[in-house]
Amino acid sequence: FEDVFSSWEDEPIGVASIGQVHRATLRRTGQVVAVKILCPGMETKFRSDIRTLKSFCQLAMPQHVSAFAEIEKQFCTEFDYTKEAENLNIIYEAIMPKWSHAVAIPKPHMELCS
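Nothing here was measured: the structure is a model prediction, and the numbers come from that model.

## Brief notes about the packing of aromatic side chains
Inspection of the entire model under this criterion finds five aromatic pairs. An aromatic cluster of three or more residues is present, and its members are F1, F5 and W8.

What follows is the structure, given as structure tokens:
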């Protein structure tokens, strides 16, 4: 951690349902960056909750099991921060060459994403 960042703000600058964003400074370049991290244990808790809901549906409302399976599939993509960074990079590369004067889109540091 100390090898990558020269400074790190413990207080998140943004919080969402499964993660939070912290301001940090990259040691090698001095660039201030936003670092998105998954809240510890969140994926395990989510999968456990979905498993419980699907089990309940199988007993009480079997017609809704397929809907919960789809919800599970869609939500599980939210835990893939590497894929999210890849998608952000695609957007960055498509938009910024022409529109950098009008919009700001963060460029992910793919070598630091996991």
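## Looking at the pattern of salt bridges
Under the criterion given, the structure shown has eight salt bridges. Here R47 makes a salt bridge to E43, at a shortest N to O gap of 2.9 Å. Placement of both R47 and E43 in helix α1 (residues 42-60) is noted, with a separation of four residues, approximately one turn of the helix. Residue class for R47 comes out partly exposed when judged on its relative accessible area of 31%. Looking at E43, the relative accessible area reads 27%, which means it is partly exposed.

## Some points on α1
Taking 1.5 Å of rise per residue, 19 residues should cover 27 Å, and α1 covers 27 Å from first to last C-alpha, within 8% of that figure. Considering only its buried residues, α1 is in contact with α2 (65-76).

## Side note on the side chain of H22
Checked against the element boundaries, H22 lands in strand β3 (residues 19-26). A polar atom in the side chain of H22 sits 2.8 Å from the backbone oxygen of E9. Excluding anything up to four places from it in sequence, H22 contacts W8, E9, D10, E11, P12, I13, V33, A34, V35 and I37.

## Observations concerning the pairing of β3
Across three bridges, the pairing between strand β1 (residues 5-8) and β3 is antiparallel. Residue S7 lies in a different strand from β3, and its bridge partner there is T25. Here two bridges tie strand β2 (residues 14-15) to β3, and the two strands are oriented antiparallel to one another. Across the sheet, residue V15 finds its bridge partner in β3, namely Q20. Counting the residues that bridge the hairpin from β2 to β3 gives three residues. Across seven bridges, β3 lies against strand β4 (residues 32-38) in antiparallel orientation. Among the inter-strand pairings, A24 is bridged to a residue of β4, identified as V33.

## Some details on the packing of α1 against α2
Direction vectors running N to C along α1 and α2 enclose 170°, while the axes themselves pass 9 Å from each other. The angle between α1 and α2 falls in the class roughly antiparallel. Of the residues in α2, those touching α1 at F46, R47, I50, L53, K54, C57 and Q58 are V65, F68, A69, I71, E72, F75 and C76. Within the contact of α1 with α2, the residues separate by chemical class into ten nonpolar, one polar and three charged.

## Points about the nonpolar core
Counting eight residues, the largest nonpolar core is built from I18, F46, I50, C57, F68, C76, F79 and Y81. Counting only elements with at least two residues in this core, the list comes to α1 and α2. Here this core gets three residues from one element, more than from any other, and that element is α1. Residue contacts for F46: discarding those within four places in its chain leaves E72, F75, C76 and F79. Counting five residues, the second-largest nonpolar core is a separate cluster that includes F5, A24, V33 and V35.

Rules used throughout
Residues numbered from 1 in each chain as written. Predicted model: local features only at pLDDT ≥ 70, side-chain atom pairs only at ≥ 80, totals over all residues. Heavy atoms only, no water. Phe/Tyr/Trp six-rings, centres within 6.5 Å; stacked < 30°, edge-to-face > 60°. Salt bridge = Lys/Arg side-chain N within 4 Å of Asp/Glu carboxyl O. Helix = DSSP H or I, 4+ residues; strand = E, 2+ residues; numbered from the N terminus. Buried < 20%, exposed > 50% of the residue type's maximum accessible area, 1.4 Å probe, protein only. Expected span 1.5 Å × (residues − 1). Contact = heavy atoms within 4.5 Å. Polar contact = N/O pair within 3.5 Å; in protein donor to acceptor, adjacent residues only side chain to side chain. Pairing = 2+ DSSP bridges. Axes fitted to C-alpha atoms, helices over the stretch in contact; angles between N-to-C directions. Parallel < 35°, antiparallel > 145°, perpendicular 65-115°, else oblique. Nonpolar A, V, L, I, M, F, W, Y, C, P; charged D, E, K, R; others polar. Core = buried A, V, L, I, M, F, W, Y, C linked by side-chain atoms within 4.5 Å.

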